[in-house]
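# Overview (structure and organization)
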Amino acid sequence: MNVALTGATGFLGLRLLRCLLERHGSLTVLTHAASPDALGRIARFLELTGAPERLTARLPARIRVVPTDLSRPRMGIPAARFAELADELDAIWHSAGSINLEGDLPSLRRVNVEGTRSVLELAAAGRRRPVIYHVSTAFVAGARREGVVYEDELDDGFGFENSYERSKYEAEALVHAWARTHRRPAVVLRPGILVTDLPPHPELPRHPLQVMDQLVRDALRAAGLAGSRPTGPDLPVVRLVGRRYGHLNMMPVEEAATTMACLADREPSGRVDTYHVVHDHDVPVSAVTELMERLVPLRARLVDSRPADLSPLEASMDFYPGIRPYLSHLRRYDDTRARTLLGPPRPAARVDVDYLLSGLRPTRPARPAGARAVGRPH
C-alpha cells in the first residue's frame with residue numbers, strides 16, 4: 001500500500017508513523033512547508049525511544065517528505081503535482097491539527113476544519129480511491145458531562161466546552177459529509193486525552209499535560225508566587241470548580257497509536273466507521289489535583305461553584321476556561337466496536353499520578369518505547 005500521513009512530527013503522529021513503518025515498506029509524510037527537517041526529527045524520535053535498527057535503517061529511502069500547507073487549496077502544491085500525488089495513494093492518515101484548548105474558533109477552524117477539507121480534497125482527486133483515517137477526539141461529545149457516549153453519536157446539541165472541541169466536531173462532520181457525497185469509506189478514530197510516561201525532552205513534541213503544567217506555573221508567576229517554597233499550612237490554596245467523583249479518560253499515546261494501527265488492519269465497512277480509542281479505566285479528577293500539588297507548591301481543593309472572593313492565584317488560573325470544565329466530567333466512552341474487532345485489550349499501562357508525573361518531570365531515564373506493553377493485540 002502507498003500510505004500518506006499528516007502530522008507525522010506531532011505527539012501522536014510520531015507514534016503513528018512508527019506503527020505504520022512496522023506495516024509498510026515506505027510512507028509519504030505530508031509536512032507543513034514551514035516545518036524544518038521533518039526527516040531529522042523523525043529519525044531523532046526513533047533514536048530517543050529505542051526503535052530497533054530494522055526501523056531506523058534506510059529511513060531516508062523509506063520516508064518521502066512532501067512539504068504542504070493544509071490551509072491552502074490543493075495543499076499549496078502545484079496542480080500537476082497534486083494530481084500525481086493523489087493518484088499514488090491507497091490510504092491517507094490525517095493526524096495533523098491544533099490541540100490548543102484556549103484557541104479562538106477562527107484560528108482552530110483554519111487548522112482543524114480546513115486542514116481536514118484539504119485532506120479530503122486530496123482523497124477525492126485520487127484514482128486509487130484511498131481510504132481516509134481521520135484522527136478526531138472523544139471530546140467531540142462536547143459539554144455533555146454525564147452518561148455514556150457511544151461511537152455512533154455525533155451531536156452538537158450539548159454545545160462545547162471550548163472552541164477546540166467545536167472545531168474537531170466540525171471536522172468530523174465534514175468527513176461524514178464527504179463520505180456520503182463520494183460514497184466512500186472512512187475511518188474515524190477518537191482517542192481520549194493522550195498522555196505518556198516518557199520524560200520530557202527538548203527534541204520531543206510537547207503533550208497536553210505539559211501545557212497544563214506551564215499554565216499553572218504561569219499563574220504562580222502572575223500572582224507573584226514564583227520561586228516561593230512554602231510548606232504545610234503556608235501553602236497557597238487554590239479552589240477549583242469540579243466534582244469530587246469526576247473522572248477523565250487518559251490514554252497512553254503509544255497504546256493509542258498501536259490500537260489505531262490495528263483497527264486500520266481491518267477492512268473498512270464501506271461507510272464511516274467510528275471507534276473510541278480509550279483506556280479501560282478512567283483517571284479520577286482527584287488524581288489531577290494531586291498531580292498539580294506535586295508539580296507546584298499549592299493545595300488544590302474542589303468546590304461546587306466559582307468562589308466570589310478569588311485570591312490573586314485563583315484569579316490567574318481562572319483565565320484558562322478551556323481546561324477548567326473537565327474537572328466536572330463524569331461521562332464514559334463506549335468502545336464496543338473497537339472491542340468487537342480487536343477482542344479484549346491486553347492489560348494497559350496504569351495511568352495514575354506517578355505515571356503522569358513521569359511524563360512531566362525528567363526524574364528517571366527514558367524507557368525504550370519498544371519495551372512498553374502495547375494496548376491491543378495485532
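Figured I'd write up the structure that's included with this text.

## Notes on the sheet that holds strand β3 (residues 63-68)
- Spatially, β3-β2-β1-β4-β5-β7-β12 is the arrangement adopted by the seven strands of the open sheet, whose pairing is parallel. In the strand order of this sheet, the two ends are held by β3 and β12 (272-277), each with one partner. Mean inter-strand twist for the sheet, computed between neighbouring axes without regard to direction, equals 20°.
- In the packing of helix α2 (residues 38-48) onto the sheet, the strands contacted are β2 (27-32) and β3, and the crossing angle to β3 comes to about 135°.

## Quick look at the packing of helix α5 (residues 79-88) against helix α6 (residues 105-125)
- It is at 7 Å that the axes of α5 and α6 come closest, and there the two elements cross at 75°. Considering their axes alone, α5 and α6 lie roughly perpendicular with respect to each other. Side by side, α5 and α6 meet where F82, L85, A86 and D87 of the first sit next to E121, L122 and A125 of the second.
- For the contact of α5 with α6, the class distribution of residues is five nonpolar, no polar and two charged.

## Quick notes on unusual backbone geometry
- A positive phi angle, near 55°, is found at R74, a position not held by glycine.
- Within the secondary structure, R74 sits in the loop between β3 and α5.
- The phi dihedral of R129 falls on the positive side, at around 50°, and the residue is not glycine.
- If you trace the backbone, R129 turns up in the loop between α6 and β5 (131-135).
- On the basis of relative accessibility, which here comes to 47%, the residue R129 falls in the partly exposed class.

## Some details on the environment of L12
- With respect to the helices, strands and loops of the structure, L12 is situated in helix α1 (residues 11-23).
- Residues L12 and P199, 187 residues apart in the sequence, show an inter-C-alpha distance of 15 Å.
- Residue contacts for L12: discarding those within four places in its chain leaves S95, V135, L194, V253, A257 and M260.

## Here we look at the environment of D304
- By the secondary structure assignment, D304 is in the loop between β14 (299-303) and α11 (312-317).
- Judged by relative accessible area, which is 77%, D304 ranks as exposed.

## Description of the pairing of β5
- Burial analysis of β5 places five of its five residues in the buried class, which makes it a mostly covered element.
- Because side chains alternate across β5, one face comprises the buried residues V131, Y133 and V135, and the other comprises I132 and H134, equally buried.
- In this sheet, β5 lies alongside strand β4 (residues 91-94) in parallel orientation, the contact comprising four bridges. The residue bridging A91 from the neighbouring strand is V131, located in β5.
- Read as a crossover between parallel neighbours, the route from β4 over α6 to β5 is right-handed.

## Some thoughts on the packing of α1 against helix α9 (residues 253-264)
- Relative to each other, α1 and α9 sit at 45°, their axes nearing to 9 Å. What the angle tells us is that α1 and α9 run oblique. Every pair of crossing elements has a handedness; the one defined by α1 and α9 is right-handed. Here α1 contributes F11, L12, R15, L16, C19 and R23 to the contact with α9, which in turn contributes V253, E254, A257, T258, M260, A261 and C262.
- Split into classes, the residues belonging to the contact of α1 with α9 amount to nine nonpolar, one polar and three charged.

## Points about the pattern of salt bridges
- Going through the model one piece at a time under the given rule, you end up with 27 salt bridges.
- Close ionic contact of R44 with E203 constitutes a salt bridge, the shortest N to O distance being 3.0 Å. Separated by 159 residues along the polypeptide, R44 in helix α2 and E203 in the loop between β8 (193-195) and α8 (208-222) bring together distant segments of the chain.
- Taken together, the shared-partner salt bridges connect R44, E47 and E203 into one network.

## Notes on the packing of aromatic side chains
- Summed over the entire model, instances satisfying the criterion amount to four aromatic pairs.
- Ring centres 5.1 Å apart and planes at 80° place the aromatic pair F139 and Y326 in the edge-to-face group. Of the two residues, F139 is situated in the loop between β5 and β6 (148-149) and Y326 in the loop between α11 and β15 (332-333); the sequence distance between them amounts to 187 residues. Summarising the burial analysis for this pair, F139 and Y326 share the class buried.

Cut-offs applied
Residues numbered from 1 in each chain as written. Predicted model: local features only at pLDDT ≥ 70, side-chain atom pairs only at ≥ 80, totals over all residues. Heavy atoms only, no water. Pairing = 2+ DSSP bridges. Helix = DSSP H or I, 4+ residues; strand = E, 2+ residues; numbered from the N terminus. Axes fitted to C-alpha atoms, helices over the stretch in contact; angles between N-to-C directions. Contact = heavy atoms within 4.5 Å. Parallel < 35°, antiparallel > 145°, perpendicular 65-115°, else oblique. Nonpolar A, V, L, I, M, F, W, Y, C, P; charged D, E, K, R; others polar. Buried < 20%, exposed > 50% of the residue type's maximum accessible area, 1.4 Å probe, protein only. Right-handed = clockwise from strand over helix to strand, strands pointing away. Left-handed = near helix turned anticlockwise from the far one by under 90°. Salt bridge = Lys/Arg side-chain N within 4 Å of Asp/Glu carboxyl O. Phe/Tyr/Trp six-rings, centres within 6.5 Å; stacked < 30°, edge-to-face > 60°.

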